[in-house]
Amino acid sequence: QNAGSANTNLTATFTPCADQGSGTACVGRAGGPYTWNFTGLEPGKMVVLDATLASVPAGNGSYGSLVVTSSGENIAGAVMEHHGTASPATYLKAVAGFSPAQYDTTYYVPQVKNQYPKATTDDACNSKWSSVMVQNVSGGDVNVTVDYTVNENNITPARVGTTFSDSATALPDGETAFFMS
């Protein structure tokens, strides 16, 4: 959304992730980047972006990063994720992006799902799960650690309070690490 007071032009850059879905850190790119441009977005108006607008090939990365830049005005954005073919869609996930002023060395993600809701077995495909993506914007290589603390578990209640960690070592500047709970 154009949060400024004059028209602005947008450039959306989609970068699919390599090694997606393997449950390990996702470092590298699966093709791309792919870009899409929008000219003359009026103040207070919004556009809906989709990877197909940037000609991201089908099956070339279900995960990745999106960077949207404005030619001059402040912009606001959120990602709304849903199942593309379900009717009706049974879930919607939303996240907000970060601006350079919000970059930091520690972030707290209030909710990450693993086999939720209504998982009845330990089958990873039985229910919904979340992922965490970390993009390095530091200017140099960084080490990233993601800690997950279990606060609800219907299958194995003894896991509540347990912390699990995953990491990416020497993540290059501009690259994205993908962590799956």
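A brief structural summary. (Residues numbered from 1 in each chain as written. Predicted model: local features only at pLDDT ≥ 70, side-chain atom pairs only at ≥ 80, totals over all residues. Heavy atoms only, no water.)

### Some points on the overall build of the protein chain
Broken down by element type, the protein chain carries zero helices and 11 strands. Put simply, the protein chain runs from its N terminus to its C terminus through helices and strands in the order β-β-β-β-β-β-β-β-β-β-β. Looking at the 181 residues of the protein chain, the share that counts as buried comes to 21%. Long-range pairs, those at least 24 residues apart, make up 62% of the contacts in the protein chain with a sequence separation of at least 6. When the accessible area of the protein chain is evaluated, it comes to approximately 11,700 Å², of which 51% is carbon and sulfur surface. (Helix = DSSP H or I, 4+ residues; strand = E, 2+ residues; numbered from the N terminus. Buried < 20%, exposed > 50% of the residue type's maximum accessible area, 1.4 Å probe, protein only. Contact = heavy atoms within 4.5 Å. Areas by Shrake-Rupley, 256 points an atom, 1.4 Å probe, with all protein chains shown as cover.)

### Looking at the nonpolar core
In globular proteins that are soluble, nonpolar side chains generally tend to be buried together. Within the largest apolar cluster, eight residues are counted, these being Val132, Val144, Val146, Tyr148, Ala168, Leu171, Ala177 and Phe179. With three residues, the top contributor of residues to this core is strand β9 (residues 142–149). Counting six residues, the second largest nonpolar core, distinct from the first, contains Ala12, Phe14, Tyr34 and Val56. (Core = buried A, V, L, I, M, F, W, Y, C linked by side-chain atoms within 4.5 Å.)

### Here we look at a nonpolar patch on the surface
Together, Phe98, Tyr103, Tyr107 and Val137 make up a nonpolar patch on the protein surface, roughly 400 Å² of accessible area in all. Within the secondary structure layout, Tyr107 lies in the loop between β5 (92–96) and β6 (114–116). (Patch = residues over 30% accessible without salt bridge, like charges linked within 9 Å, V, L, I, M, F, W, Y side chains within 5 Å. Salt bridge = Lys/Arg side-chain N within 4 Å of Asp/Glu carboxyl O.)

### With respect to the environment of Thr106
Locating Thr106 in the fold gives a position in the loop between β5 and β6. The partly exposed category is assigned to Thr106, whose relative accessible area is 42%. Considered as a pair, Thr106 and Val146 are 40 residues apart in the sequence and their alpha carbons are 9.8 Å apart.

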